[in-house]
Amino acid sequence: MKIGVLALQGAFIEHCDVLKKLDAEPVEIRQHGHFSSHLDGLIIPGGESTVMGKLLRELKLLEPIKDAVFNGMPVFGTCAGLILLSKQIEGGGTGPIPVLDVLVRRNAYGRQLGSYRTTAKFKGIGEVPMVFIRAPYVLEAYGGAEVLAMVDKKIVAVRQGAVLATAFHPELTDCIGIHELFIYGRT
Ligand code: GLN
């Protein structure tokens, strides 16, 4: 199982480490030639969504990734990755790979109170640790988007077909269940 991990910025090394624990092979995507539509999936890590969108365009990675995702490549976005996959961003616009039927709010917890750790129930897995870093959250999930987790009545994880997205960073905790769900469709 070869899983691409977008390695432009953010916590991509941690995602690679979780993949290795699950016997999957991470493939770091840093430039155009690294991406292939034959990968078994793609992880889009956290970072800064506007910067990542710009880099994806500049590196000519956006179109091939978009094509692959729209053709069914499984994709898992964490934090900024969730924003990149959203069909609607509060205040206008869409993420550059708009596949998720969600309206997302960026930097939803304010600048000062931006980072925290908690635990909450995740559908199909149970209680999981969650690390939020200047995180977005989903204001509305509609259409095909299924809510998988909520914190304080706010949607923090969704799935739509082969697309999985969390507002938090599972790769910064010792929980491998969400990656397992992504790769193998189960935990
Ligand atoms: N605040 C960032 C953004 O809007 C996301 C933060 C993160 O990925 N940890 O892109």
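What counts, and at which threshold
Residues numbered from 1 in each chain as written. Predicted model: local features only at pLDDT ≥ 70, side-chain atom pairs only at ≥ 80, totals over all residues. Heavy atoms only, no water. 1 Å grid on protein atoms, 1.4 Å probe; cavity = no way out; pocket = protein on both sides within 12 Å on 5 of 7 lines; lining within 4 Å. Points joined across faces, edges and corners; volume = space filled by probe spheres on them. Nonpolar A, V, L, I, M, F, W, Y, C, P; charged D, E, K, R; others polar. Helix = DSSP H or I, 4+ residues; strand = E, 2+ residues; numbered from the N terminus. Buried < 20%, exposed > 50% of the residue type's maximum accessible area, 1.4 Å probe, protein only. Contact = heavy atoms within 4.5 Å. Pairing = 2+ DSSP bridges. Near = heavy atom within 4 Å. Polar contact = N/O pair within 3.5 Å; in protein donor to acceptor, adjacent residues only side chain to side chain. Areas by Shrake-Rupley, 256 points an atom, 1.4 Å probe, with all protein chains shown as cover. Sits in = over half its atoms within 2 Å of the grid points. Arc of directions from axis to C-beta. Phe/Tyr/Trp six-rings, centres within 6.5 Å; stacked < 30°, edge-to-face > 60°. Salt bridge = Lys/Arg side-chain N within 4 Å of Asp/Glu carboxyl O.

1. A word on the layout of surface pockets
1) Next: In this model, the largest pocket occupies a volume close to 170 Å³.
2) Next: Lining the largest pocket we find 16 residues, and of these Gly-47, Cys-79, Ala-80, Ile-133 and Arg-134 sit closest to its centre.
3) Next: Residue classes in the lining of the largest pocket are distributed as seven nonpolar, six polar and three charged.

2. Focus on the side chain of Gln-160
1) Next: Relative to the helices and strands, Gln-160 resides in strand β11 (residues 154-160).
2) Next: Given the relative accessible area of 16%, Gln-160 is considered buried.
3) Next: The contact partners of Gln-160, leaving out residues within four places of it in the chain, are Val-99, Leu-100, Asp-101, Gly-144 and Ala-145.

3. Observations regarding the pairing of strand β10 (residues 146-151)
1) Next: Pairing geometry for β10 and β11, over five bridges, is antiparallel. Within the sheet, the bridge partner assigned to Met-150 lies in β11 and is Ile-155.

4. So, helix α5 (residues 177-184)
1) Next: Burial analysis of α5 places seven of its eight residues in the buried class, the great majority of the element.
2) Next: All buried positions along α5 are accounted for by Gly-177, Ile-178, His-179, Glu-180, Leu-181, Phe-182 and Ile-183.
3) Next: Downstream of α5 by a residue or two, Gly-185 has a phi angle that is positive, lying close to 70°.

5. Details of the site of the ligand
1) Next: Taken together, Gly-46, Gly-47, Glu-48, Ser-49, Cys-79, Ala-80, Ile-83, Arg-106, Asn-107, Ile-133, Arg-134 and His-169 make up the full set of residues near the ligand.
2) Next: Between Asn-107 and the ligand, the recorded distance is 2.6 Å, taken from a side-chain N or O atom to a nitrogen atom.
3) Next: A distance of 3.0 Å is found between a nitrogen atom of the ligand and a backbone nitrogen or oxygen belonging to Ile-133.
4) Next: Notes on the ligand: free accessible area 300 Å², of which the protein chains cover 98%.
5) Next: The cavity that encloses the ligand is the largest pocket.
6) Next: Taken together, the residues of the shell around the ligand break down into four nonpolar, five polar and three charged.

6. Observations concerning helix α1 (residues 12-21)
1) Next: When we look at burial in α1, the residues that qualify are Phe-12, His-15, Cys-16, Val-18 and Leu-19. When α1 is viewed along its axis, its buried side chains cluster within an angular range of 160° and face the same direction. Away from the buried face of α1 by more than 90 degrees, exposed residues Lys-20 and Lys-21 are located.
2) Next: Against β1 (2-6), β2 (25-29), β3 (41-44), β4 (75-78) and α5 lie the buried residues of α1.
3) Next: Two residues or fewer after α1 comes Asp-23, characterised by a positive phi angle close to 60°.

7. Quick notes on the packing of aromatic side chains
1) Next: On inspection of all chains with the given rule, the structure shows three aromatic pairs.
2) Next: Ring centres of Tyr-116 and Phe-132 lie 4.8 Å apart, and the angle between their planes is 15°; this geometry places the pair in the stacked category. Linking Tyr-116 in strand β7 (residues 115-122) with Phe-132 in strand β8 (residues 126-133), this pair joins segments that are 16 residues apart in sequence.
3) Next: Its relative accessible area of 0% is what places Phe-132 among the buried residues.

8. Here's the deal with the pattern of salt bridges
1) Next: Using the criterion set out here, one finds seven salt bridges in the structure.
2) Next: Among the ionic pairs, Asp-101 bridges to Lys-87, the shortest N-O distance being 2.6 Å. You can see Asp-101 sitting in strand β6 (residues 100-105) and its partner Lys-87 sitting in strand β5 (residues 86-89), a full 14 residues away along the chain.
3) Next: Judged by relative accessible area, Lys-87 falls into the partly exposed class, the value being 32%.
4) Next: Taking the shortest distance from any N to any O, the salt bridge between Arg-159 and Glu-146 comes out at 3.7 Å. Separated by 13 residues along the polypeptide, Arg-159 in strand β11 and Glu-146 in strand β10 bring together distant segments of the chain.
5) Next: Of the residues examined, Arg-159 reaches a relative accessible area of 27% and is grouped as partly exposed.
6) Next: Where salt bridges share partners, they join Lys-123, Glu-146 and Arg-159 into one cluster.

None of this, on its own, says anything about what the molecule does.
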